[in-house]
Amino acid sequence: MLEKCKKAEILEKTGALLCQARVSVGHSGEILLVIPRSATYKANSTYRLVFYDPVLGRVTCRCRLSAPLPLPGGTLCSLRCEVMEQLAQEQRRQDVKIPLKMTVMLHAAYQPGDPMRSPEIGIPATIGNISAGGVYLRTAMPLPKGRRIWFDFMIDHERLTLSAQIVWMETTAPNPGQILYGYGCQFVNLLSRHEAALRRFIFQEERRQRRGE
């Protein structure tokens, strides 16, 4: 369990984020966390942790955290994490989907027969919703089902290039004489670190939207 996990979030009892953690799992299954030394918690007490695993998805566990061991440099410390109980798991097929109104520049490689060619900077597209498994986009560029597309997505000042394949499509007419194409897309060849960042973003955005912020 969690052999491929690299990131986690430690939550307060209120559900608020205590800090983010870097995760490593030893051959014996021992879980080690690296967190900022500025993070304050009670050693040998239990906390709820959300692990972002590229295989298992988002796994929530009740864990006991050991006393911190300062690391060289003075800004980080390491601690052992003992999983006491698994509370929830959201697998890929159960990915949380959040509404999101964000404009990105959509790219698609030109193929013979395409009615238009995407410029080098891309075509504006609006994200309607997004999950760790896929995205819904609206754009003026007509594309067939099965076509590969890609776009840049910013998370915490990091630019992620996300590639996806169009699974289904629809047309909408928001205004007279205007036609937009809606594409339901599935992410492909998603890097593990990009998926972990995307899951973290979705989890935080879902929590923010639930609170009405």
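Above this text is the structure in question.
Per chain, the residues get numbers from 1 upward, laid out in the order the sequence is written. Whole-chain, interface and lining totals are the exception, using all residues; otherwise, since this is a predicted model, local features are given only for residues with pLDDT of at least 70 and side-chain atom pairs are given and counted only at 80 or more. Remark: hydrogens and water are excluded; side-chain values derive from all non-hydrogen atoms of the structure.

### Comments concerning the pairing of strand S3 (residues 31-36)
Part 1 of the reasoning: Relative to S3, strand S2 (residues 17-25) runs antiparallel, the two being bridged by 4 bridges. Counted as the bridge partner of serine 24 is leucine 32 from S3.
Part 2 of the reasoning: Following S2, the chain reverses through 5 residues before pairing antiparallel with S3; glycine 29 in that reversal takes a positive phi of roughly 90°.
Part 3 of the reasoning: By definition, two strands form a pair when at least two bridges between them are found by DSSP. Strands here mean DSSP runs of E at least two residues long; helices mean DSSP runs of H or I at least four residues long; both are numbered from the N terminus. Looking at chain direction, S3 and strand S7 (residues 76-90) are connected through 6 bridges and run antiparallel.

### Regarding helix H1 (residues 192-210)
Because the α-helix completes a turn every 3.6 residues, residues three or four places apart line up on one side.
Part 1 of the reasoning: Every helix has an expected span of 1.5 Å times one less than the residues it contains. For H1, which comprises 19 residues, the first-to-last C-alpha distance of 27 Å matches the rise-based estimate of 27 Å (1.5 Å per residue) to within 8%.
Part 2 of the reasoning: Of the residues trailing H1, glycine 212 is marked for its positive phi of about 75°.

### Focus on the packing of aromatic side chains
Part 1 of the reasoning: For Phe, Tyr and Trp, where Trp contributes only its six-membered ring, two rings pair if their centres lie within 6.5 Å, and the inter-plane angle classes them as stacked under 30 degrees, edge-to-face over 60, or tilted in between. Taken as a whole, this structure holds 4 aromatic pairs when the rule is applied.
Part 2 of the reasoning: Ring centres of tyrosine 41 and tyrosine 47 lie 6.2 Å apart, and the angle between their planes is 80°; on these two criteria the pair is classed as edge-to-face. Each of the two residues, tyrosine 41 as well as tyrosine 47, counts as buried.
Part 3 of the reasoning: When the ring of tyrosine 52 is compared with that of phenylalanine 203, the centres are 6.4 Å apart and the planes differ by 70°; the resulting orientation is edge-to-face. In this pair, tyrosine 52 is assigned in strand S4 (residues 45-53) and phenylalanine 203 in helix H1, connecting sequence segments 151 residues apart. To sort residues, take the accessible area from a 1.4 Å probe on protein chains only and compare it with the maximum for the residue type: under 20% means buried, over 50% means exposed, and anything in between is partly exposed.

### A few points about the sheet that holds strand S12 (residues 158-172)
Part 1 of the reasoning: The strand order across the open sheet built from 6 strands is S8-S9-S10-S13-S12-S11, with neighbouring strands paired in antiparallel fashion. The sheet terminates laterally at strand S8 (98-106) and strand S11 (148-155), the two strands that pair on one side only. Each strand of the sheet is rotated relative to its neighbour by a mean of 35°, with strand direction disregarded.
Part 2 of the reasoning: Bridge count between S11 and S12: 8 bridges; the pairing is antiparallel. Its bridge partner being in S12, isoleucine 149 is matched across the sheet by alanine 164.
Part 3 of the reasoning: Residues count as neighbours in contact if any of their non-hydrogen atoms are within 4.5 Å of one another. Structural elements are reduced to axes, namely lines fitted to C-alpha atoms, with helices fitted over the stretch in contact, and the angle between N-to-C directions of any two is expressed from 0 to 180 degrees. Against the sheet, H1 touches S8, strand S9 (123-130), S11, S12 and strand S13 (180-187), its axis set at about 135° to S8.

### Things to note about the environment of methionine 84
Part 1 of the reasoning: Within the element layout of this structure, methionine 84 appears in strand S7.
Part 2 of the reasoning: If near-sequence neighbours (up to four positions away) are discounted, methionine 84 is found in contact with Thr46, Arg62, Cys63 and Arg64.

### A few points about the nonpolar core
Part 1 of the reasoning: Counting residues in hydrophobic clusters, the biggest one holds 31 residues, and the most contacted among them are Ile127, Ile130, Leu137, Ile149, Phe151 and Phe153.
Part 2 of the reasoning: Setting aside anything within four residues of it in sequence, one finds isoleucine 127 in contact with Leu100, Lys101, Met102, Val104, Val135, Tyr136, Leu137, Phe151 and Phe153. Residues grouped as a nonpolar core are buried Ala, Val, Leu, Ile, Met, Phe, Trp, Tyr and Cys residues, joined through side-chain atoms within 4.5 Å.

Everything listed here is a matter of geometry and, on its own, says nothing about what the molecule does.
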